[in-house]
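# Fold and geometry: a report
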Amino acid sequence: MRALLQRISNASVTVAGTVIGRSGPGLMILVCAMQGDGETQVAQLAEKIAKLRIFKDDAGKMNRSILDIGGSALVVSQFTLAADTSRGNRPGFSEAAPAAEGEQLYEAFARKLSDQGIPVETGSFGADMAVELVNDGPVTIWMES
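Let me begin by describing the structure that accompanies this report. (Residues numbered from 1 in each chain as written. Predicted model: local features only at pLDDT ≥ 70, side-chain atom pairs only at ≥ 80, totals over all residues. Heavy atoms only, no water.)

### Examining unusual backbone geometry
Look at the link from Gly-24 to Pro-25: it is a cis peptide, with omega at -10°. Of note, Pro-25 is situated in the loop between β2 (18-23) and β3 (26-32). Following Gly-137, the chain continues to Pro-138 via a peptide bond in cis, the omega torsion being 0°. Here Pro-138 shows up in strand β8 (residues 129-144). Positioned with a positive phi, Ala-16 is a non-glycine residue whose angle comes to about 50°. Topologically, Ala-16 is positioned in the loop between β1 (2-15) and β2. (Helix = DSSP H or I, 4+ residues; strand = E, 2+ residues; numbered from the N terminus.)

See the structure below:
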């Protein structure tokens, strides 16, 4: 799985003019299931993100996790994280998991993150979504499991 994390003050996702998810302070997590991913990758990524120390402590150092600050997460599916830009001018997405499998793994990831004790809201898999966020820092981190 691939994920792009952004430390946020707040974020929301809108579908057809209706806000369907919001979060903050905490993390905006764009996630993509890749070919060959399964429950092992889902669990590893969720556990790593829950414990990742990217929030400031009292001294201003990144020493706290989302759990430490009592933060929440907005998880949005983003198959374009699978983009292969190595050839030509049009990205290829053949390394992304097939849609049905990708949706299952995306939903499993959101559940696993919630199981870690993090309040989670989500986007809508496959929908045309508008995402708004305030990146705190800015802090943006790329992860793969």
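### With respect to the pairing of β1
Counting buried positions along β1 yields ten of 14 residues, so the element is predominantly enclosed. For β1 and β3, the ladder comprises seven bridges, and the chain directions are antiparallel. Looking at β3, one finds that Arg-2 is bridged to Cys-32. Pairing analysis gives twelve bridges linking β1 to β8, with the strands arranged antiparallel. Bridge pairing links Gln-6 to Thr-140 in β8. Two strands pair when backbone bridges link them, and β1 and β2 are joined in this way by five bridges, in the antiparallel orientation. When the bridges of β2 are listed, Val-15 appears paired with Thr-18. Between the end of β1 and the start of β2, which pair antiparallel, lie two residues, with Ala-16 showing a positive phi angle near 50°. (Buried < 20%, exposed > 50% of the residue type's maximum accessible area, 1.4 Å probe, protein only. Pairing = 2+ DSSP bridges.)

### Some words on helix α1 (residues 39-51)
The end-to-end C-alpha distance of α1, which contains 13 residues, comes to 18 Å, matching closely the 18 Å that a straight helix rising 1.5 Å per residue would cover. Among all positions in α1, only Gln-41, Val-42, Ala-43, Leu-45, Ala-46, Ile-49 and Ala-50 are buried. Buried-residue contacts for α1 involve β1, β3, α2 (66-69), α3 (99-115) and β8. (Expected span 1.5 Å × (residues − 1). Contact = heavy atoms within 4.5 Å.)

### A few points about the side chain of Gln-41
With respect to the secondary-structure elements, Gln-41 resides in helix α1. Side-chain polar atoms of Gln-41 contact the backbone nitrogen of Gly-38, separated by 2.8 Å. Ignoring any residue separated from it by four or fewer positions in sequence, one finds Gln-41 in contact with Met-1, Gly-36 and Ser-145. (Polar contact = N/O pair within 3.5 Å; in protein donor to acceptor, adjacent residues only side chain to side chain.)

### Notes on the packing of aromatic side chains
The full count for this structure, using the stated rule, is two aromatic pairs. Both rings, one in Phe-79 and one in Phe-93, keep their centres 5.0 Å apart while their planes meet at 65°; by these two values the pair is edge-to-face. Within this pair, whereas Phe-79 is found in the loop between β6 (72-77) and α3, its partner Phe-93 is found in the loop between β6 and α3, the two being separated by 14 residues in sequence. (Phe/Tyr/Trp six-rings, centres within 6.5 Å; stacked < 30°, edge-to-face > 60°.)

### A look at the nonpolar core
Formed by 26 residues in total, the largest nonpolar core has its most connected members in Ile-29, Ile-49, Phe-109 and Leu-113. Elements supplying a minimum of two residues to this core: β1, β3, α1, β6 and α3. Those residues in contact with Leu-113 that lie beyond four places of it in its chain are Ile-29, Ala-46, Ile-49, Ala-50, Ala-73, Val-75, Ile-118 and Val-120. In terms of nonpolar packing, the next biggest core, distinct from the first, is built from twelve residues, Ala-11, Met-28, Met-34 and Val-76 among them. (Core = buried A, V, L, I, M, F, W, Y, C linked by side-chain atoms within 4.5 Å.)

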